[in-house]
Amino acid sequence: MSDPKAAFAQALARLRERLPDLSDEALARRASAVVLPSGRRVAVNARRLGEWVGGQSVPRDFDGVLAVALATGGVPKLNDLRELWRAAHQDRRATPKSGRVVVGRPPSDAAALRDRAELADAIDAASRERDVRQVLLTGPGGVGKSQLATAAFHRARADVLVWVGARTRQSVLTGYARAWRALKSAAGTDDEAQADLFLAWLRSTDTSWLVVLDDVDDPAELAGLWPTGDAGRSLVTTQRRDASLLRPDSRVIGVGMFDPEEATAYLSARLAVDPRHDPDQLAVLADALGCFPLALSQAAAFLIDSGTDVPAYLDLLADRRHRVADLFPPTSPADEHHDTVAGSVRLAVERAESLAAGAVDLLGLVSVLAPDGIPEAVLLDGGRGLPALRALHRLNLVTHQDRRVEAHALVQRTARDLVGDLAPVAVTAADAIERAWSTADPDTAAALFRNAEVLRSVAGEHLWGGGMHPVLRRLGRHLAEIGRPAAARDVAADLLAHATDPRDVVALRTQVAKAIGDLGDPATALAHFAEIRATAERDLGPTDEDALWARFHQATYRLETGLIETALAELTSLVESCDLPAAHPLVVAAEDDRALCLGLSGDLVGARDASDALVTVLREELGPRHKQTLRVMLGLGRWIGETGDARLAVDTYQEAVDGLEAVAGRAHHDTFIARHNLAYWRAVAGDLPRAITEFDLAAADAERALGDGHPTTLTYRSNLVFWQGMAGDPGALDHLTALRAAVERVFGPDHPRALRIRQQRAHLLHRAGRRDEAVAELRAVLAEMSEVQGENHPRTREAADLLAGWETP
């Protein structure tokens, strides 16, 4: 056998040709998963596989060869293949040159290198496409683009392989000149001339080639130096995503952070040399670092070098006083990456500022907002910041698409370190959120809430100069509007601990008291509002809007505690005495509750007419599809139904549901209420099958938006089960009994919602013919309702009337 190594390589190549559409990376993974006849598995590296097939090296043992053979379908004459391998392995002559030209030095493999199989497959697939001449790996600095390019370089089958560091124009010229000298054994020192000769050769040759341009810093500097030619491909790594890089013959592959499993696996493998670390804490550390590959690598090196353990390092990360440069010091470098987390971001920021003035200031604004989504309106201020924002996007410091901006939390933290004084940045961000919130749709409002919460977390101390910033008022109000009263109470109470301005104190105490009432304790809420009103009228004046709101809420909770006539008188007085427009939210809320008082006091026609008049005013002032108009229609629909026209009530609620879905969204709390009440009046109108379908839909929407344990979800689910029971479902009673436990766990056993479900259960018992149990249950519920809600509360009166009917002979 004249050349055992060549013969062995040819045999492997024939096996490899069975799966031409499978990349080396994918084939290596398949071979690594093969269980050998011995019962063991062996790890097959894609780079090594390429060297075996190309005749550049021979595996040290036959198990790797066997795994590849089995992964490609097996071989009928295994002993022949074994003999070829043995002869090649024992051949002491130097491996013959393959004819390939390899120029340049890619980075070494990172410690604990991750395969990132999906990205590797995407690179290989793009490289095989006939119309693709350039594969572009773009992403933030430190996410592993060069490692992916290195692996692809070693997998490549091309006859000429050139690796070029492309940070500057001169480094590219030098790399091209070196490649020309290697190709043609040329002499000389004129890099520019030899680079031109190399580029001309690429355009004209039939020899296959791959040129990697690693870490392109400024695409404009490479004008005239981009490799082109039908016989080859170029692979480019860069932080940039400029238009000049996005060519029709390019395939762009975004490289981002590790996923949580990859990040944890990296830390586990990298820190295996240091057994002090608890493996269960590594997922926490990966999450704290945002799965940022460069940060993970530097953090692991720092833990090993400094002897710091994971809990202590997590404490350092959580302490905002520590700069990013201190958490990832250059004394513990990340594999062969040329920069640190802080340095990488700083250089990208400088480049962005060179592209557009104001990029640094805009990144400062981004740095105090939500990493997972900032509405672009918050940053652009009427479009004036767009060039700066696009510069940050081009440098992969942020991602700007679909009118939203995202940024990695470590990039944001590094940017905050670059800002001298966070106070003006925080106030500017708060002003922008407040401005955008005033006209926001529900989805945008949710995003703005998230941004305001992040701003409060990272720079909230700067939002109290001269009093609480107005945007902080919106936090509790937003939570209350979407049906999260407990969260609204907690946020307002936390802010209240910092408030000193009398107006801020009144506004936040109002939010806390209202949340207490919404959570089922109207008596305590009423007591709070008596104090709040007195304080507001003393400190702000009786006609101040915040004092008027306190007065309104006091009247509302008189109604909630059964003092209906008193509440009616106070609301009437409030409407007559406040000098506000008819469509002002306070006037609308007071008029709406006046109608409710009329209805609950027995004047159903008066309630209907008052609601109808209010809807008419709002249609004229705000329009028929305004959220205020549609919300008031919910009261009108109720009183239309209570006066005996259930079908018109259904039509009214249907109009409100359609409108609220259009202007507020299907997941808005008002839409939930409208859909639920539509189902109720549909049931009263006699269409139980359709009503139950709508109850089910309302409950499903609430569960999807709020969760299965949310008070609104439980309320809608219990009402669904009740009406299923009223429609004759024999399992409804058991389902309602099970729901009672969940309701009492969330609300407490004395909450009106818990009492209501017991009333519903009594109703189903009575319908099932278990009269004595039903009467006993309802009698006990009525006693608790009278104590908790008062005897004059509408629900108490309803239960009393129901019990009286059952007890009447």
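This text goes with the structure placed above it.
Residues numbered from 1 in each chain as written. Predicted model: local features only at pLDDT ≥ 70, side-chain atom pairs only at ≥ 80, totals over all residues. Heavy atoms only, no water.

Engineer: How do you make sense of the overall build of the protein chain when you look at a structure like this?
Structural biologist: A count of helical and extended segments in the protein chain gives 38 helices and 9 strands. Against the compact-globule benchmark of 28 Å for 809 residues, the protein chain has a radius of gyration of 36 Å, which places it well outside the compact range. Based on the C-alpha atoms only, the size of the protein chain along its principal axes is roughly 115 × 60 × 50 Å. Looking at the protein chain as a whole, 51% of its 809 residues qualify as buried. When contacts within the protein chain are restricted to residue pairs at least 6 apart in sequence, long-range pairs at least 24 apart make up 66% of them. (Helix = DSSP H or I, 4+ residues; strand = E, 2+ residues; numbered from the N terminus. Rg over C-alpha atoms; globule rule 2.2 N^0.38 Å. Buried < 20%, exposed > 50% of the residue type's maximum accessible area, 1.4 Å probe, protein only. Contact = heavy atoms within 4.5 Å.)

Engineer: Looking at this model, I keep getting lost on the nonpolar core. Mind explaining?
Structural biologist: Buried together is how nonpolar side chains tend to be arranged in soluble globular proteins. Counting residues in each nonpolar core, the largest one holds 58 residues, and the members touching the most others are Val368, Leu369, Leu379, Leu397, Ile433, Trp437 and Leu455. The leading source of residues in this core is helix H20 (residues 422-437), at 9 residues. Aside from chain neighbours lying at most four places away, what touches Leu397 is Val345, Ala348, Val349, Ala352, Leu363, Leu392, Ala407 and Val411. Grouped together as the second largest cluster of nonpolar side chains are 48 residues, Ile253, Leu289, Val341 and Leu410 included. (Core = buried A, V, L, I, M, F, W, Y, C linked by side-chain atoms within 4.5 Å.)

Engineer: Sorry, what's going on with the packing of helix H21 (residues 442-459) against helix H22 (residues 470-481) here?
Structural biologist: Two numbers describe a pair of packed helices, the interaxial angle and the distance between the axes. Relative orientation of the contacting elements H21 and H22 amounts to 125°, with a least axis distance of 10 Å. Classed by the angle they form, the pair H21 and H22 counts as oblique. Where H21 crosses over H22, the two elements pack in a sense that is left-handed. From H21, Ala445, Ala446, Phe449, Ala452, Glu453 and Arg456 reach across to H22, where they touch Val471, Leu472, Leu475, His478 and Leu479. (Axes fitted to C-alpha atoms, helices over the stretch in contact; angles between N-to-C directions. Parallel < 35°, antiparallel > 145°, perpendicular 65-115°, else oblique. Left-handed = near helix turned anticlockwise from the far one by under 90°.)

Engineer: Where do I start with helix H36 (residues 752-767) in this structure?
Structural biologist: With 16 residues, H36 ought to run about 22 Å at 1.5 Å a step, and its terminal C-alpha atoms sit 23 Å apart, in line with that. Among the 16 residues in H36, 12 count as buried, and that is most of the element. The set of residues buried in H36 consists of Arg753, Ala754, Leu755, Arg756, Ile757, Arg758, Gln759, Gln760, Arg761, Ala762, Leu764 and Leu765. Downstream of H36 by one or two residues, Gly769 has phi in the positive range, about 90°. (Expected span 1.5 Å × (residues − 1).)

Engineer: Help me understand helix H25 (residues 522-539) in this model?
Structural biologist: The periodicity of an α-helix, 3.6 residues per turn, causes residues three or four positions apart to be oriented the same way. Its 18 residues give H25 an end-to-end C-alpha distance of 25 Å, which sits within 8% of 26 Å, the value for a rise of 1.5 Å per residue. Of all the residues in H25, the buried ones are Pro522, Ala525, Leu526, Phe529, Ile532, Thr535 and Ala536. Phi turns positive one or two residues past the end of H25, at Gly541, with a value near 105°.

So yeah, pure geometry; function would need other evidence.
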